[in-house]
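One letter stands for each residue in the lines below.
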Amino acid sequence: MKVTLIHPCIGRRPGQKYIRTWQMEPLPAATLAGLTPSDVKVAFYDDRMEVIPFDEPTDLVAISVETYTAKRSYQIASEYRRRGVPVVMGGFHASLMPDEVACFAESVVVGEAELLWPQVIDDARHGRLQKFYRATGRPSLADLKTDRSIFRGKRYLPVGLVEAGRGCHFKCEFCAVQTVFNATQTRRPIDKIVAEIMSLKADHKLFFFVDDNITSNLQQAKELFRALIPCNIRWVSQASINAAHDEEFLDLLSRSGCKAVLIGFESMNPLNLAQMNKSFNTMRGGFAKAMANLRRYAIRVYGTFIFGYDHDTADCFDSAVDFAREHAFYIAAFNHLTPFPGTPLYARLKEQGRLLYDAWWLDDRYSYNQIPFKPAIMEPEELRTACLAARRKFYSLASIAGRGFDSVNRRDWFMWRNFYLINSLHRQDVSNRDHYPLGDMTFRGELTQAGAC
Ligand code: B12
């Protein structure tokens with residue numbers, strides 16, 4: 001038996017290369033490859049950087065679907081279905097919208113794959129695929145076996161992606177992670193994480209712990225950091241701001257080789273933070289105090305902001321960009337609020353009659369950066385252009401030069417050199433991402449459905 005794993009792109013515009021800053025090794029595919037029995041052949045194609053050979057014989061196709069990649073995934077599934085190959089879909093969007101995904105896949109895996117994938121393979125082998133496979137509870141990550149051999153020969157960004165844990169205990173209104181994992185977090189045993197890091201160390205100068213929030217459990221995080229100190233690596237991850245107020249945590253973070261953390265600042269307005277259910281962002285002296293603490297330990301910051309919450313007015317953009325520049329953020333994101341289906345935010349906007357599309361992620365009129373809802377105070381187009389202007393200002397040459405001169409950003413030669421590379425990639429992406437199509441524009445024909453919908 002042969003299974004073909006596909007990591008879809010968001011979309012494709014003829015003649016335009018895919019967004020480079022998104023081209024990292026996809027762990028969902030490597031996780032599935034690691035769970036696949038050894039007598040099953042595995043092929044892997046990354047739609048973001050290579051052409052999928054639809055005519056290559058295979059017995060089963062497995063696609064990892066996120067909301068932004070749903071339309072493209074359904075196009076890919078249609079190609080395979082036309083050739084009589086069954087398609088199974090899983091991932092965040094499949095877990096959030098199983099009934100929609102079921103229209104375009106022979107089988108849908110809802111939740112994490114660890115306990116379900118071997119059964120899917122067995123059922124496919126015996127020609128008895130079920131429509132749904134649903135995870136009950138959360139699997140242990142103790143035996144995670146990520147098979148990175150599938151990445152060989154592909155041109156990914158040179159960052160080693162590793163999981164230390166999954167999920168986050170916070171319940172931010174807009175976040176799909178809390179919906180899918182029900183605001184719980186699971187962690188891998190520390191010795192397994194360290195062993196994986198050591199096995200990858202020779203090939204990677206920088207690691208990215210893809211945890212939704214590596215600080216979700218501060219005590220466990222501290223234990224991990226203690227174990228990482230002898231590994232002598234550079235790493236980055238995602239964290240919540242409460243951790244920046246714990247002196248022991250910061251000390252261990254720095255000594256374990258952490259060079260930067262992504263922090264969701266989201267908004268400079270406490271009223272918005274309260275509406276997001278993220279008031280913890282303002283704890284103990286708020287952003288300025290947290291930034292001063294991180295600076296003392298030379299931890300760089302990738303700050304992310306969301307615009308379009310109900311208390312946002314025209315001046316919210318400048319205050320966020322000014323803050324990000326004043327504190328010399330290594331990089332930053334200035335995104336419009338996105339109602340992901342299945343989140344409490346989506347339910348609220350729907351109830352308030354503020355969604356502008358039935359399903360923005362499938363609508364042919366929708367493209368990346370467009371605003372899919374009616375903001376409370378601004379017009380959608382005003383919000384879109386102001387987000388764009390905020391990115392342009394933050395990634396202006398003057399801003400890059402100023403931030404690059406900052407003492408923390410300059411501290412480590414490797415991180416300083418990469419500061420310019422990463423900032424220039426993000427600078428290009430400001431335009432490249434704007435109005436990027438969802439789905440491949442060259443796809444012809446109908447999306448074929450898998451049975452009655
Ligand atoms: C690392 C990461 C990135 C990285 C790297 C991604 C890459 N490899 O190229 C970067 C920074 C590039 C990135 C970019 C973006 N990301 Co991102 N990312 C993540 C993050 C934090 C971890 C992903 C990961 O590797 N997890 C580890 C794997 C093993 O876990 P998993 O994906 O959950 O997979 C398990 C199950 O879902 C399931 N499964 C998954 N696929 C499949 C397929 C089949 C067939 C089966 C059976 C099962 C299955 O089994 C797996 C094992 O249990 C996730 C959050 C998360 N918890 O997943 C967000 C996340 C996936 N990203 C998200 C978003 C929105 C984006 C961006 C659009 C952000 C932006 N505006 O720029 C872009 C889009 C990029 C793209 N699609 O091309 C959202 C998606 C939400 C949604 N509803 O779809 C998430 C969930 C974050 C969030 N808080 O909401 N991302």
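Going by the structure above, here's the rest.
A.B. asks: Just checking my understanding: could you explain the environment of Val-210 for this structure?
C.D. replies: Residue placement: Val-210 occurs in the loop between strand S11 (207-209) and helix H8 (218-228). Residues Val-210 and Gly-165 lie 45 residues apart in sequence; the distance between their C-alpha atoms is 8.2 Å. In this view, Val-210 contacts Leu-27, Leu-161, Val-162, Glu-163 and Gln-238; residues no more than four positions away in its chain are not counted.

A.B. asks: Would you mind showing me how to read the packing of aromatic side chains here?
C.D. replies: Between two aromatic rings, the relevant description is the distance of the centres plus the angle of the planes. Tallied over the full model, the rule gives 36 aromatic pairs. With centroids separated by 5.3 Å and ring planes inclined at 70 degrees, the aromatic side chains of Tyr-330 and Phe-419 adopt a geometry described as edge-to-face. Of this pair, Tyr-330 sits in the loop between helix H12 (316-326) and strand S15 (331-336) while Phe-419 sits in helix H17 (residues 413-433), placing them 89 residues apart in sequence. The class of Tyr-330 is buried, set by a relative accessible area of 4%. In this structure Phe-419 comes out as buried when scored by relative accessible area, which is 0%. A connected cluster of aromatic rings, assembled from ring pairs, spans Tyr-18, Trp-22, Tyr-68, Phe-340, Tyr-346, Tyr-357, Trp-360, Trp-361, Tyr-366, Tyr-368 and Tyr-436. In this structure, Arg-134 packs its charged tip against the face of Phe-132, placed 4.6 Å from the ring centre. When the ring centre of Phe-405 is taken as origin, the NZ or CZ atom of Arg-410, which lies over that ring, is 4.5 Å away.

A.B. asks: Looking at this structure, how should I read the site of the ligand?
C.D. replies: Not every one of the 43 residues close to the ligand is listed here, only the nearest: Arg-48, Ser-64, Thr-67, Glu-114 and Asp-212. For the shell around the ligand, the elements supplying multiple residues, two or more each, are helix H1 (27-35), strand S4 (60-64), strand S5 (87-90), helix H3 (92-96) and helix H6 (176-181). The class makeup of the residues in the shell around the ligand is 25 nonpolar, 9 polar and 9 charged.

A.B. asks: I'm lost on the side chain of Thr-58 in this one. Help?
C.D. replies: Its location among the elements puts Thr-58 in the loop between strand S3 (41-46) and S4. Among the polar contacts listed, one links the side chain of Thr-58 to the backbone oxygen of Lys-2, at a separation of 3.2 Å.

A.B. asks: Would you mind showing me how to read the environment of Gln-220 here?
C.D. replies: Among the secondary structure elements, Gln-220 is positioned in helix H8. Among the residues examined, Gln-220 registers a relative accessible area of 33% and is labelled partly exposed. Remark: the alpha-carbon pair of Gln-220 and Lys-350, spanning 130 residues in sequence, is separated by 38 Å. Excluding its chain neighbours within four sequence positions, the residues that come into contact with Gln-220 are Gln-185, Arg-187 and Ile-190.

A.B. asks: Quick question: what am I supposed to make of the nonpolar core here?
C.D. replies: A general feature of soluble globular proteins is that nonpolar side chains tend to end up buried together. Residues Met-89, Phe-225, Trp-235, Phe-265, Phe-329 and Phe-334 are the most contacted members of the largest nonpolar core, which totals 122 residues. The residues contacting Trp-235, other than those within four sequence positions of it, are Leu-206, Phe-207, Phe-209, Ile-214, Phe-225, Leu-228, Leu-253, Ser-256, Gly-257, Cys-258, Lys-259 and Ala-260. Ranked by size, the runner-up nonpolar core spans 22 residues in total, among them Leu-5, Leu-32, Ala-33 and Ala-62.

A.B. asks: Before we go on, may I ask you to explain the pairing of strand S14 (residues 300-307) in this structure?
C.D. replies: Across a regular strand the side chains alternate sides, sitting on one face of the sheet and then on the other. Of all 8 residues in S14, 7 are buried, a share of seventy percent or more. With 6 bridges joining them, strand S13 (residues 258-266) and S14 adopt parallel strand pairing. Bridging across to S14, Ala-260 finds its partner in Arg-300. Relative to S15, S14 runs parallel, the two being bridged by 6 bridges. Bridge pairing in S15 links Phe-307 to His-336. For the crossover from S14 across H12 to S15, the handedness is right-handed.

Quick notes on the rules
Residues numbered from 1 in each chain as written. Predicted model: local features only at pLDDT ≥ 70, side-chain atom pairs only at ≥ 80, totals over all residues. Heavy atoms only, no water. Helix = DSSP H or I, 4+ residues; strand = E, 2+ residues; numbered from the N terminus. Contact = heavy atoms within 4.5 Å. Phe/Tyr/Trp six-rings, centres within 6.5 Å; stacked < 30°, edge-to-face > 60°. Buried < 20%, exposed > 50% of the residue type's maximum accessible area, 1.4 Å probe, protein only. Lys NZ or Arg CZ within 6 Å of the ring centre and 35° of its normal. Near = heavy atom within 4 Å. Nonpolar A, V, L, I, M, F, W, Y, C, P; charged D, E, K, R; others polar. Polar contact = N/O pair within 3.5 Å; in protein donor to acceptor, adjacent residues only side chain to side chain. Core = buried A, V, L, I, M, F, W, Y, C linked by side-chain atoms within 4.5 Å. Pairing = 2+ DSSP bridges. Right-handed = clockwise from strand over helix to strand, strands pointing away.

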